[in-house]
Amino acid sequence: MSFRELRNFCEIMRSLGYPRIVSMENFRVPNFKLVADITYWLIKRFDPNADIPDSIAEERDRVEFIRAACQV
């Protein structure tokens, strides 16, 4: 993502009411935990009854999380 896209993303998350502070520094290195947290929050905000696994400790858990998020 470009600098402008990251800046806009951080501002949009702030305006949507995301409970954590998202800064551009969070994305200097890959940060799957933050991306998963944002994805989970957005899905739950869109559909509170969605069944999404919240465990991302292992690679297979991450794959299952992404698969479930895409199916929602």
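Residue numbers run consecutively from 1 along every chain, following the written order of its sequence. Whole-chain, interface and lining totals are the exception, using all residues; otherwise, since this is a predicted model, local features are given only for residues with pLDDT of at least 70 and side-chain atom pairs are given and counted only at 80 or more. Water and hydrogen atoms play no part in the side-chain values, which are based on all heavy atoms of the structure.

1. Overview of the packing of aromatic side chains
Let me state the cut-off plainly: Pairing of aromatic rings covers Phe, Tyr and Trp, the last through its six-membered ring, and needs centres within 6.5 Å; plane angles under 30 degrees mean stacked, over 60 mean edge-to-face, and all others mean tilted. Secondary structure follows DSSP: runs of H or I at least 4 residues long count as helices, runs of E at least 2 residues long count as strands, and numbering of each begins at the N terminus. The cut-offs for exposure are 20% and 50% of the maximum accessible area for each residue type, with area from a 1.4 Å probe on protein chains only; residues under the lower value are buried, those over the upper are exposed, and the others partly exposed.
Evaluation of the coordinates by the stated rule reveals 2 aromatic pairs. Ring centres 6.0 Å apart and planes at 80° place the aromatic pair Phe-9 and Phe-27 in the edge-to-face group. Residue Phe-9 is found in helix H1 (residues 3–16), and its partner Phe-27 is found in the loop between H1 and helix H2 (32–46); the two are separated by 18 residues along the sequence. On the accessibility criterion, Phe-9 (24% relative accessible area) is partly exposed. Accessibility expressed as a relative area gives 22% for Phe-27, which makes it partly exposed. Between the aromatic rings of Tyr-18 and Trp-41, the centroid separation amounts to 5.2 Å while the plane-to-plane angle is 80°, which identifies the pairing as edge-to-face. Here the residue Tyr-18 occupies a position in the loop between H1 and H2, and Trp-41 occupies one in helix H2, the gap between them amounting to 23 residues. Take Trp-41: its relative accessible area is 18%, and that puts it in the buried class.

2. Comments concerning the nonpolar core
Our working definition: Throughout this description, the term nonpolar core refers to a set of buried Ala, Val, Leu, Ile, Met, Phe, Trp, Tyr and Cys residues connected via side-chain atoms within 4.5 Å. In this description, contact between two residues means that some pair of their heavy atoms is separated by no more than 4.5 Å.
Counting residues in each nonpolar core, the largest one holds 8 residues, listed as Ala-36, Ile-43, Ala-50, Ile-52, Ile-56, Phe-65, Ala-68 and Ala-69. Elements with a minimum of two residues in this core: H2 and helix H3 (59–71). Sorting elements by how many residues they give to this core places H3 first, with 3 residues. When neighbours within four sequence positions are excluded, Ile-43 is seen to be in contact with Ala-50, Ile-52, Ala-69 and Val-72. In terms of nonpolar packing, the next biggest core, distinct from the first, is built from 7 residues, Cys-10, Met-13, Tyr-18 and Trp-41 among them.

The values reported here are purely geometric and, on their own, carry no functional implication.
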